[in-house]
Amino acid sequence: MTQKNDASASSFASIKRFDLRKHHATLEAPTNQVTIRQAIVRKAFLNTAAFLTLATGLGVSAPSVALIEYSKAQQTTATELVEQLEQRHYAKLKYDDALSSAHLDNYLDNLDGSKMFFTAADIAGFESFRTQMDDELANGRLDAGFSIFNRFHELLTTRLESLVETLPRMIQDMDFTVDERYQLDVDGLAWAEDQAELDERWRLQIKNQVLNLRLADKPQDEIAETLVKRYTNQLTRVNQYNSQDAFQIYANALTELYDPHTNYFSPRRSENFNINMRLSLEGIGAVLSLEDEYTRVARIVPAGPADKQGELKPSDRIVAVGQDDDGPFEDVIGWRLDEVVELIRGPKDSTVRLQVLPAKSGADAERKTIKIVRNKVKLEEQSAQKRILELPRGNGETIRVGVIDIPTFYIDFEAMRRGDENYKSTTRDVKKLIAELEEENVEGMIVDLRRNGGGSLQEANDLTGLFIEYGPTVQIRHSSRRVWRDGKRLRSTYYDGPLVVLINRLSASASEIFAGAIQDYDRGLIVGDRSYGKGTVQTMVPLTEGQLKITESKFYRISGDSTQHRGVVPDISFPSLYDPEEIGESALDNALDWDQINPVRHRRYSNVDSLVPQLTEIFETRSSHNPEFLYLQDQLAVAEENRAITSVSLNEAVRREERKQREERALSIENRRRAARGEEPLASLDELDESDGDDADSAVADAGPHGEPGSAADTDDLAGDAPSGSDEESEEESAEKLIVSAEEIASEDVLLSEAGSILVDALVLQERAYALTTAKQDDE
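Residues numbered from 1 in each chain as written. Predicted model: local features only at pLDDT ≥ 70, side-chain atom pairs only at ≥ 80, totals over all residues. Heavy atoms only, no water.

**Student:** Explain the overall build of the protein chain to me, please; I cannot follow it from the model alone.
**Tutor:** Along the backbone of the protein chain there are 24 helices and 24 strands. Out of the 780 residues in the protein chain, the part that is buried amounts to 54%. Looking at the protein chain as shown, the accessible area adds up to about 34300 Å², and 47% of this sits on carbon and sulfur atoms. (Helix = DSSP H or I, 4+ residues; strand = E, 2+ residues; numbered from the N terminus. Buried < 20%, exposed > 50% of the residue type's maximum accessible area, 1.4 Å probe, protein only. Areas by Shrake-Rupley, 256 points an atom, 1.4 Å probe, with all protein chains shown as cover.)

**Student:** Where do I start with the packing of aromatic side chains in this structure?
**Tutor:** Each aromatic ring pair is described using two quantities: the centre-to-centre distance and the angle formed by the ring planes. Taken as a whole and assessed by the stated rule, the structure comprises 15 aromatic pairs. Taking the centre distance of 5.9 Å and the plane angle of 65° together, the rings of Phe117 and Trp202 count as edge-to-face. Taken together, the residues Phe117 in the loop between helix H5 (97-111) and helix H6 (120-126) and Trp202 in helix H9 (residues 195-215) connect sequence positions 85 residues apart. A single burial state applies to Phe117 and to Trp202, both of which are buried. An aromatic cluster of three or more residues is present, and its members are Phe117, Phe118, Phe126, Phe152, Trp191 and Trp202. One Lys or Arg, Lys115, reaches over the ring of Trp191 and ends 4.8 Å from the middle of that ring. When the ring centre of Phe176 is taken as reference, the NZ or CZ atom of Lys207 above it lies at 5.5 Å. (Phe/Tyr/Trp six-rings, centres within 6.5 Å; stacked < 30°, edge-to-face > 60°. Lys NZ or Arg CZ within 6 Å of the ring centre and 35° of its normal.)

**Student:** What is the right way to look at the pairing of strand S21 (residues 547-556) in this model?
**Tutor:** For a regular strand, the rule is simple: side chains alternate between the two faces of the sheet. With respect to burial, S21 is a largely interior element, ten of its ten residues being buried. In the sheet, strand S3 (residues 263-265) pairs with S21 via three bridges, with the strands oriented antiparallel. Residue pairing across strands places Asn263 opposite Lys549, the latter belonging to S21. Sheet analysis places strand S16 (residues 471-478) next to S21, joined by four bridges and oriented antiparallel. (Pairing = 2+ DSSP bridges.)

**Student:** Could you clarify how one ought to interpret a negative patch on the surface in this entry?
**Tutor:** On the surface, Glu657, Glu663, Glu664, Asp686 and Glu687 cluster together to form a negatively charged patch. Tracing the sequence through the fold places Glu664 in helix H21 (residues 652-676). With a relative accessible area of 46%, Glu664 lands in the partly exposed category. (Patch = residues over 30% accessible without salt bridge, like charges linked within 9 Å, V, L, I, M, F, W, Y side chains within 5 Å. Salt bridge = Lys/Arg side-chain N within 4 Å of Asp/Glu carboxyl O. Lys, Arg positive; Asp, Glu negative; His and termini not counted. Charge placed at Lys NZ, Arg CZ, Asp CG, Glu CD.)

**Student:** Teacher, can you tell me more about unusual backbone geometry here?
**Tutor:** Glycine aside, the phi torsion of most residues is negative, and most peptide linkages are trans. Even without being glycine, Asp349 reaches a positive phi, approximately 75°. Within the element layout of this structure, Asp349 appears in the loop between helix H14 (337-344) and strand S9 (351-357). Look at Asp349 and you get exposed, because its relative accessible area is 57%. Residue Arg451 is not a glycine yet carries a positive backbone phi of 65°. Its place among the elements puts Arg451 in the loop between strand S14 (444-448) and strand S15 (454-456).

**Student:** Explain the nonpolar core here, please?
**Tutor:** Side chains of nonpolar character tend, in soluble globular proteins, to be buried together. Phe118, Ile148 and Leu254 are the most contacted members of the largest nonpolar core, which has 69 residues in total. The contact partners of Ile148, leaving out residues within four places of it in the chain, are Leu104, Tyr107, Leu108, Leu111, Phe118, Phe126 and Phe129. Grouped together as the second largest cluster of nonpolar side chains are 34 residues, Leu433, Leu463, Ile503 and Ala515 included. (Core = buried A, V, L, I, M, F, W, Y, C linked by side-chain atoms within 4.5 Å. Contact = heavy atoms within 4.5 Å.)

**Student:** Is there a simple way to think about the confidence of the model for the protein chain in this case?
**Tutor:** The predicted coordinates of low-pLDDT regions are not to be read in fine detail. On average, residues of the protein chain carry a pLDDT of 81, and 80% of them reach 70 or more. Within the model, the stretch residues 30-63 combines pLDDT values under 50 with 113 contacts to residues more than four positions away or in other chains. Note that pLDDT drops below 50 for residues 690-738; the model gives that stretch 114 contacts with residues more than four away or on any other chain. (pLDDT = per-residue confidence, 0-100.)

**Student:** Please explain H14 as it appears in this structure.
**Tutor:** Side chains that are three or four residues apart share a direction in an α-helix, a result of its 3.6 residues per turn. For H14, a buried count of six out of eight residues is recorded, marking the element as mostly surrounded by other parts of the structure. All of the buried residues along H14 are Leu337, Asp338, Val340, Val341, Leu343 and Ile344.

**Student:** What is the right way to read the side chain of Ser100 from this model?
**Tutor:** Tracing the sequence through the fold places Ser100 in helix H5. When near neighbours in sequence (up to four residues on either side) are disregarded, Ser100 contacts Tyr95, Phe129, Arg130, Thr131, Gln132, Met133 and Asp134.

**Student:** I would appreciate a short explanation of the packing of H5 against helix H11 (residues 243-258) in the present structure.
**Tutor:** Working note: a packed helix pair is described by the angle between its axes plus the distance between those axes. Where H5 contacts H11, the axes come no closer than 9 Å and their chain directions differ by 125°. Accordingly, the angle class assigned to the pair H5 and H11 is oblique. The interaxial crossing formed by H5 with H11 has right-handed handedness. Here H5 contributes Leu99, Ala102, His103, Asn106, Tyr107, Asn110 and Leu111 to the contact with H11, which in turn contributes Ala246, Ile249, Tyr250, Asn252, Ala253, Leu254, Glu256, Leu257 and Tyr258. Of the residues assigned to the contact of H5 with H11, the class counts are eleven nonpolar, four polar and one charged. (Axes fitted to C-alpha atoms, helices over the stretch in contact; angles between N-to-C directions. Parallel < 35°, antiparallel > 145°, perpendicular 65-115°, else oblique. Left-handed = near helix turned anticlockwise from the far one by under 90°. Nonpolar A, V, L, I, M, F, W, Y, C, P; charged D, E, K, R; others polar.)

**Student:** Just to check I follow, could you spell out the packing of helix H4 (residues 72-88) against H11 for this structure?
**Tutor:** The contact between H4 and H11 brings their axes to 11 Å, and the two run at 10°. In terms of orientation, H4 and H11 fall into the roughly parallel class. Mapping the contact onto sequence places Gln74, Thr77, Ala78, Leu81, Val82, Leu85 and Glu86 in H4 and Ser243, Gln244, Phe247, Ala251, Leu254, Thr255 and Tyr258 in H11. Of the residues belonging to the contact of H4 with H11, the class tally is eight nonpolar, five polar and one charged.

**Student:** What is the right way to read the pattern of salt bridges from this model?
**Tutor:** It is possible for side chains of opposite charge to pair when their charged atoms get near one another. Within this structure, the stated rule accounts for 43 salt bridges. Arg151 is the partner of Glu154 in a salt bridge, and the nearest nitrogen-oxygen pair spans 3.0 Å. Note that Glu154 and Arg151 are positioned in helix H8 (residues 143-172) at a spacing of three residues, about one turn of the helix. Overall, Arg151 belongs to the partly exposed group, its relative accessible area being 29%. Residue Glu652 is joined to Arg656 by a salt bridge in which the shortest nitrogen-to-oxygen separation is 3.0 Å. Placement of both Glu652 and Arg656 in helix H21 is noted, with a separation of four residues, approximately one turn of the helix.

**Student:** Looking at this model, I keep getting lost on H21. Mind explaining?
**Tutor:** The first and last C-alpha atoms of H21 sit 36 Å apart over 25 residues, in line with the 36 Å expected at 1.5 Å per residue. Every buried residue of H21 is listed here: Glu652, Arg655, Leu667, Ile669, Glu670, Asn671, Arg673 and Arg674. Looking at the buried side of H21, the elements it contacts are H9, helix H20 (627-643) and strand S23 (647-649). At the N-terminal end of H21, a side-chain oxygen is found 3.0 Å from the backbone nitrogen of Ala653, two or three residues along, and the residue is Asn651. (Expected span 1.5 Å × (residues − 1). Polar contact = N/O pair within 3.5 Å; in protein donor to acceptor, adjacent residues only side chain to side chain.)

**Student:** Quick question: what am I supposed to make of the environment of Ile669 here?
**Tutor:** Here Ile669 shows up in helix H21. Among the residues examined, Ile669 registers a relative accessible area of 7% and is labelled buried. Between the C-alpha atom of Ile669 and that of Leu630, which follows or precedes it by 39 residues, the distance is 9.2 Å. Non-local contacts of Ile669, meaning those with residues more than four positions away in its chain, are made with Tyr631, Asp634 and Val638.

**Student:** Can you walk me through the side chain of Asp412 in this structure?
**Tutor:** Among the structural elements, Asp412 can be located in the loop between strand S13 (398-405) and helix H15 (413-418). Residue Asp412 is classed as buried on the basis of its relative accessible area of 5%.

**Student:** In this structure, what is going on with the pairing of strand S18 (residues 499-503)? I would like to understand it.
**Tutor:** Burial runs high along S18: five of the five residues are buried. Residues Leu499, Val501 and Ile503 line one face of S18 and the alternating positions Val500 and Leu502 line the opposite face, and both faces are buried. For S14 and S18, the ladder comprises four bridges, and the chain directions are parallel. Residue pairing for S18: Ile446 is matched across the bridge by Val500. Note: S18 against strand S19 (residues 525-528), four bridges, orientation parallel. Each bridged residue has a counterpart across the sheet, and for Val501 the counterpart in S19 is Ile526.

Structure follows, in structure tokens:
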């Protein structure tokens, strides 16, 4: 590539600035990013419910289910929603009869995507709404949406009650010697013609669940009890659905037609979105989950109010909540998790009292009262973190490489507006980490953006400024088709050392802006998998009830290319851990198209791209002999084969033989790795250390009534796995844990190990090139 000079001040500064602080633009992948939350699950709310609430319904009449009614506030909100979509969305779509028809189809799919509840007769009855929904919704009428939801709610409740009643008899009558198959792939499945066809679908699915328990060596006499308990809990939650649940599903069935990242947030989800952005809240600092009818403490956030108070412990069950020092206790047994969370959260310095059943105690045990003063809870495990790798350079020496892991692009907008000098943001945290790593004499850095689904556009822009001296970083084209450019406007110091950016398929949006800018400036190497491909910018619009996250702009790299659909293509590619047909913008319905705009003149910092052919050759040679890398490739091959499976046998003997073959193959793969590492082979997989799972419906795993795995509504602190370690640990011990040897990191994370090795390779090649150049100059 040709070397270009610095961009002139006039070519950059003459363009009106897109004020990120004013617009609070966000660059967020669905994300849930999977955990593989991920983000990526589009069909919210009841697809999960459909999976968990399978029932027979044989011979049981429909129960009397109270109708869920919409409110006046939701009527006003519906009118505002349609107006905002038509006037502000980038796609400029009119909500007309054609879109109304698509809205109906999408709504039905979101409610019953597995086609396990509605019959063809139900669907025919809904046809009268097909071209009326646009007229109704624009005028604040929600009759169609709530009529369909109430019918679904009735069918769902009927099935659950039927299942709870008939399950023991069904299990007793099951024959696992019959050659039947259960269909895993339901794409293209037609609506059931009648009740008998639905009953057959349910029979097969329940039989598969029972067989799974048998294969897991669950005692036969406990299987019915386990499933009845599970569905009884689900019935309790179904009976707690409310108008916000119905309205949110109906509204999002429309917003998704504009693009997959335009979403309506109910009031509760709006608050959770804000918490995720600022990585803090005011509460007690406890991660909660549901276990049967109890709210269970899953984790305590280190250094949070509950941790400092010291009495609340993991696995304690919260049975009642009281406000202030003497407010009455409110019994919360059987409550929705999000409603318990709302009771426990509260303003800083206020008091909440909890009545708990201690872990492992019975339901009739004496209740313990715990008083906790609420305070600000910082979700540090979602903030940027550092570590140091010590990697070999080939001559018996090692090189220290700094790693900065950035899980999301966050900023506390509210604190920033207040003028709080200590407001939290990604860029502020990373700037401190860079300084600390430089003091520890690292020779290069890796910015790890794997699984980073995005966040604040402002932060993606500002973070890039830590690695360049000056210049544009992103272009934004508004729905008005005006283009703004933003970037680092004032020259200042920056980290100019060797840099690698590690991405994967779940790196989205703001991550793609940063990675794309680093690549366009030739500032560092991009390694990993092709990124998600989300090139759109969302703005939060307040509504009468809740908020609308609307796609109002698209962003472009300074090269002029959009990342939409295509993502950022790494300089050196690693094997993909995710199926691109299932994960990524290109896999989503109604995603906006890829396009280009004019490039921006910009500086190129190095010729690191000229090293890519050599680095790729070295990488491929090394990885072909790396037992951890080969092990990963073997696992990916198995995963690819498993993805091709569309049905499973319900014959127990067949399934056990299939499982035996899978275990033998897994053992062979494991022993091949162990042999390459010089370790003794295993006789069976049972010799591997295994961690027990948790049968509780945890906040991270349970979709709940809001339908997003790991939904913010499900926890007090919205944290993921809390970091381990004691507050009494010495600084020396803490620092020592941040330094990881090559062998340890290879075993733990082979892709990070390879990213580090590529950085070392680049350093060595550059040193050799410099030495040759110097030698030639000396000869001359």
